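Here are the chains, one letter per residue:
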Amino acid sequence: QVQLVESGGGLVQAGGSLRLSCAASGRTFSSYVMGWFRQAPGKERMFVAFSSTSGQNTGFGESVKGRFTISRDNAKNTVYLQMNSLKPEDTAVYYCAAASSWFRKIHSDGYDYWGQGTQVTVSS
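Residues numbered from 1 in each chain as written. Predicted model: local features only at pLDDT ≥ 70, side-chain atom pairs only at ≥ 80, totals over all residues. Heavy atoms only, no water.

Under the definition given, this model contains four salt bridges. Glu62 is paired through a salt bridge with Lys65; the nearest N and O atoms lie 2.8 Å apart. For Glu62, a relative accessible area of 62% translates into the label exposed. Exposure remark for Lys65: the relative accessible area of 46% places this residue in the partly exposed category. When the shortest N-O distance is used, the salt bridge between Arg67 and Asp90 registers 2.7 Å. Of this pair, Arg67 sits in the loop between strand E6 (58–60) and strand E7 (68–73) while Asp90 sits in the loop between strand E8 (78–83) and strand E9 (92–99), and the two are 23 residues apart along the sequence. (Salt bridge = Lys/Arg side-chain N within 4 Å of Asp/Glu carboxyl O. Buried < 20%, exposed > 50% of the residue type's maximum accessible area, 1.4 Å probe, protein only. Helix = DSSP H or I, 4+ residues; strand = E, 2+ residues; numbered from the N terminus.)

Here is the structure:
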């Protein structure tokens, strides 16, 4: 069982930056693929980024490529999402998730555990 707690959301102006953190409980954090997803009101949950167990392999959704980075500190059981050059369309609730399998890492149904989400609002 893994419990995930996101933090770092808030209100920021367009062009600004935020860093989200996701702290995980348990001693097996390093064995999980970690992902970030977001969901805007009235829209489906959308893939944002993933990190392999070591952090050496990462991937991003098209809408955030070049602006967002994902990293993890396995010693601290934490994964981060650095968001730069934020746009109003980035406004959403952001969720971190943990997956025991690599194979559906860009799909929400590939993840086994989810955090409660943190709100990010980007004003124009």
